[in-house]
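# What the coordinates show
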Amino acid sequence: MKIRTEQFKQVAIKEMANARTKMFLGLLPPVFAAMRASALATFPDPAAATAYSASIREEVVASLPELLEEFEKNAVARGAKVFWARDARQANEFILDLARKKGITYTTKGKSMVSEEMGLNDYLKNNGIEPFETDLGEFIAQQLNRPPFHLVGPAINVPPEEICELFIEKADMQEPTHDPVQLGYAARRYLRDKFHNLDMSITGINMAVAETGTIINVENEGNIRLNKSTPKTQVSIMSLEKVVPTMRDAMHLLRMLCRNCTGQKISAYVSFDSGPKKADEIDGPDELYIVIIDNGRSRIYQDLKTRQSLRCIRCGACMNNCPVYSTIGGYPYGWAYTGPMGQVLTPLMLGFDKTQDLYRACTLCGSCKSVCPGGIDHPGMFLYYRSKDVEGDQKFKAKKRDWKEERFFDLWSFGTTRSWAWKLGSKLVRPFLNIHAHHGIVSKIIGGYAFEGWFRNRDLPAFPEKTFHERWKDIQ
Amino acid sequence: MKTVSMFIPCTVDIMLPQIGDDTYRLLKRLDVNPLYHEDQTCCGQPAINAGYLKHAREVAKHFIDVFGEDEVVVSPSGSCVWTVKHHYPELLCDEPDYAQRAEELAGRIYELSQYIVDVLGLEDVGASFQGKVTYHESCHILRGLGISDQPKRLITAAKGVEFMPLNNADRCCGFGGEFANNYPDISEEMVKDKVNNYISSKADLLVLCEPGCMLNIGGYLSRNRPDKKVMHIASFLSASI
Amino acid sequence: MNVRDEILGKLKSAPKQDISTKTRMPPLNELSFDKEEMIEKFIQEQTEQTSAVHRVKDGSAVLKKLSEIIKEEGLHKVMVSTDDVVAPLDLVSWGKENDVQVFTAQDFKDRKDFTDSVFDSVEAGITVADYAVAETGTIGIIHDKNQPRLVSIAPIMQITIVPVERMVQVYEQVTDKVFGQKEVPSHFTFTTGPSMTADIQATAFKGMHGPRRMIIILVG
């Protein structure tokens, strides 16, 4: 997937002018948010349930290496083959190599965010293996070559007319239709054939249970179950943090994931794989490969603050509750991960220099943090990233700030730590600020060069004659 | 008579000093003796938000030097109170003496409506307003400090008030400090949304507890709908008593 | 050093974190359900998922109900499980009496023929629930040689026989059992309603890749 994180502002402006985007953003996030609240109400104490899932994720991150070892041991004991990949390149190469060994010409994929991160689809395609996304939304997004609009519904905003054209061209659809259900059925027919003759599948992993060596996938469509049933070879990819201590922990996270993600109490299908099929079984993979990929996470893990990002369970509740996401949609975030969780993870993966807007385009309102079942403090993370920028910390490829901003804060802190300077400063600056004041209002400052973003469509009150400091004597 | 130390934040001091006047008058009216330390300046929030932690640290220490001995500190700005309570202890973690004082101060600093309702135990302060009033739940006040009931009780206790619910009352207004100026397109959409919800609430007045939100919503109204008013809760309550 | 040791090494040498004690939460509401409440909740949840739910007394009543369903749905070819609940029903004989071809996985020489049948010719899959969870009207199936994976996911209709005594209140009561043994199934599924999606225009519909319709026969 092409990285477009540096076009955040332009894409945001374009999306805000898009009537379709506006319509979906007016509809989806609030509906998801309401369904989430209603589904969480099945718990006797939803807040305690959220705190509990956060504490499970905290434990996962704190004990990450030990849990990964335990998972691997148990998975291998069940007959799974585990491959560790340092980065996307290694993981992609392994999968391609396996595909070639198996002599396949195509593969089908279950929805996997980490495979987007790896750029696996493009890699396979460029090397002669055709990868078919099978989750309906991912299938559409793949054909359109677009980043996801939303974590859960990546193509939910795409008009049926466009999908119709697409399916006629690329999915063997014979009769045109704009009915979403008929379009869905057309995709079913097209992809069913791919499942039927499949030799090797690729899936993601929602949870890897250390206690039993079991991988768990959560879905509504059935494509992942088919991917786990027809082919002789199954490859399932997980990033490090997908591990979960016990099966009971996994069940609680399952409830939290589904409620936070789509407002369902549970998805239509939850499948648990503990090794490949047994000898006397007629379907299922003879070989199950579990790819455990790092891709920068062991680096992220070194910092006690940034490792918090590894608590994310990819539920999407953060974006459904984010006022900025609800205004601009998924495209501006420019990569595989969107919304607040993308704002937390993408800068750590790609470097702060290329992702400035991601952690600055946030009002720190805290809605994301308040709903996160992983217990992530998104606003706190953004403030941390901003402070790393100021330091120019190269561990994060942080870009130092503009010298004007640094001088401003030097001046500001001089004035803010000495009350004489504060009082003097406020007095001196007032006449300049009020040059264009009219009728008690200021609509621009210094000929329109300062704070032009604000003054485009907002006024400020004219700066009063006396500050509160100066009025104090009069009030008493 | 209780003595409280007023923390009048920079936005109020320089841009909206009448909120300071109104806070003083309101507290006095409630039989509180409000002190004002003239050495106070700012809590340091702008520097924290911009990542200038070294600078913020100096400002935080100055703040603690000014307010550290006070029994009770009250402020008409929730985000500033939140900065002191939530950020200061971590900001000063390498200076144990200041960190300790920050931890202790955190337990003695209150947002204005929280102080009146939770500490003074008052809801009816003798205020009145003939008309429909609605309330915007500022982010740091609601999600940061957990304050929501208190301002609404103060508003509904005022004689003549008809309280109107505000759609998406808890949704951010788009201020976010530097965000409003650096991402004006997004910020404007957000404040426009807030204002549309205000208008469709049919309220005559929007009351809030946060000076930043007031500058933002008020600033947009001034340019686009100068007929619609917004008021800080200190001004709303003190106007009629 | 291999990549595995490199990654684990980096993780292990990272600064150690102080973690807070695990929080607690009150027990789930569903744990207080008695048998009838479980069944009621199960039926309610299934119905919300658009499943058709029938309740019958015993094995012969199951066969009668299946005959009705076959006629109503116009089914001529079905694939069935061979586990210890379905096998005694002798669906092959029943099929002969009801003009419907009944296949089992054992009928096929190899997995390719089996796969072709379950994808292209079979109209419904008949399986049994190894477990039923009242909490969300969920069926738990242990997939093995008697309950192949494809039988309950490839055909467009899924018919599941649910012995009422296999009903429990919450998921953990199932997973504790299934994963608490020494031998763990290679593949285990929780199924809640038919396959579905809302990926186009947020328009929800059933039957994306898996079954479009689900019929439950509660026995006992």
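Please read these numbers as outputs of a predicted model, since none were measured by experiment.

## A closer look at the overall build of chain C
When its secondary structure is counted, chain C shows six helices and twelve strands. Dimensions of chain C along its principal axes, counting C-alpha atoms only, are 70 × 45 × 45 Å. Taking as baseline every contact in chain C between residues at least 6 positions apart, the subset at least 24 positions apart corresponds to 75%.

## Structural notes on unusual backbone geometry
Residues and elements named next belong to chain C. Not every positive phi belongs to a glycine, and Thr 50 is a case in point at roughly 75°. Counting through the fold element by element, Thr 50 comes out in the loop between helix 2 (35-48) and strand 1 (52-56). Here Thr 50 falls in the partly exposed class, since 13 other C-beta atoms lie within 10 Å of it. The phi torsion at Asp 90 lies on the positive side, around 50°, for a residue other than glycine.

## Considerations on the interface of chain A and chain C
It is common to report an interface's size as the accessible area lost on association of the parts. Opposite the 75 residues of chain A that make contact, chain C presents 59 residues. Residue composition of the side of chain A that touches chain C, by class: 34 nonpolar, 21 polar and 20 charged. Taken together, the five bridges between strand 9 (residues 269-273) of chain A and strand 9 (residues 187-191) of chain C define a ladder with antiparallel strand orientation. Bridge pairing links Tyr269(A) to Thr191(C) in strand 9 of chain C.

## Structural notes on the confidence of the model for chain C
Taken residue by residue, chain C gives an average pLDDT of 96. The fraction at 70 or more is 100%. Confidence metrics for the complex model read pTM 0.96 and ipTM 0.97.

## As for the arrangement of the chains
The interface with the highest contact count, out of two pairs of chains in contact, is the one between chains A and C. Nothing in chain B touches chain C, and the closest approach of their C-alpha atoms is 16 Å.

## Quick look at the sheet that holds strand 8 (residues 229-232) of chain B
Two strands in a sheet stick together by hydrogen bonds in their backbones, pointing the same way (parallel) or opposite ways (antiparallel). All names here are of chain B. Across the sheet, four strands lie side by side as 6-5-7-8; this open sheet has parallel pairing. Of all the strands in the sheet, just strand 6 (159-163) and strand 8 have a single pairing partner and so form its edges. Mean inter-strand twist for the sheet, computed between neighbouring axes without regard to direction, equals 40°. Against the sheet, helix 12 (residues 211-224) engages strand 7 (205-208) and strand 8, with an angle of about 165° to strand 8.

## So, the interface of chain B and chain A
In this complex, chain B contributes 50 residues to the contact, which on the side of chain A involves 47 residues. Breaking the side of chain B that touches chain A down by element, the ones donating at least two residues are helix 1 (10-15), helix 2 (17-29), helix 3 (45-50), helix 4 (53-67), helix 8 (139-144), helix 10 (178-182), helix 11 (184-200) and helix 12 of chain B. The leading source of residues in the side of chain B that touches chain A is helix 11 of chain B, at six residues.

## Here we look at the packing of helix 5 (residues 78-91) of chain B against helix 6 (residues 96-106) of chain B
Residues and elements named next belong to chain B. Here helix 5 crosses helix 6 at 160°, and the two axes come no closer than 9 Å. By the angle between their axes, helix 5 is roughly antiparallel relative to helix 6. Of the two elements, helix 5 crosses helix 6, and the hand of that crossing is left-handed. Across the interface between the two elements, Val 84, Lys 85, Tyr 88 and Pro 89 of helix 5 pack against Ala 99, Ala 102, Glu 103, Leu 105 and Ala 106 of helix 6.

## Some remarks on the sheet that holds strand 5 (residues 207-209) of chain A
Spatially, the eight strands line up as an open sheet ordered 8(A)-5(A)-6(A)-9(A)-9(C)-6(C)-5(C)-8(C), and their pairing is mixed. Since the sheet does not close on itself, it has two edges, and those belong to strand 8 (243-244) of chain A together with strand 8 (167-168) of chain C, each with one partner. As paired elements, strand 6 (residues 214-219) of chain A and strand 9 of chain A share five bridges and run antiparallel to each other. Bridge pairing in strand 9 of chain A places Asn217(A) opposite Ser271(A).

Rules used throughout
Residues numbered from 1 in each chain as written. Chains lettered and ligands numbered in written order. Predicted model: local features only at pLDDT ≥ 70, side-chain atom pairs only at ≥ 80, totals over all residues. Helix = DSSP H or I, 4+ residues; strand = E, 2+ residues; numbered from the N terminus. Contact = placed C-beta atoms within 7 Å. Buried ≥ 20, exposed ≤ 12 C-beta atoms within 10 Å, placed from the backbone. Nonpolar A, V, L, I, M, F, W, Y, C, P; charged D, E, K, R; others polar. Pairing = 2+ DSSP bridges. pLDDT = per-residue confidence, 0-100. Axes fitted to C-alpha atoms, helices over the stretch in contact; angles between N-to-C directions. Parallel < 35°, antiparallel > 145°, perpendicular 65-115°, else oblique. Left-handed = near helix turned anticlockwise from the far one by under 90°.

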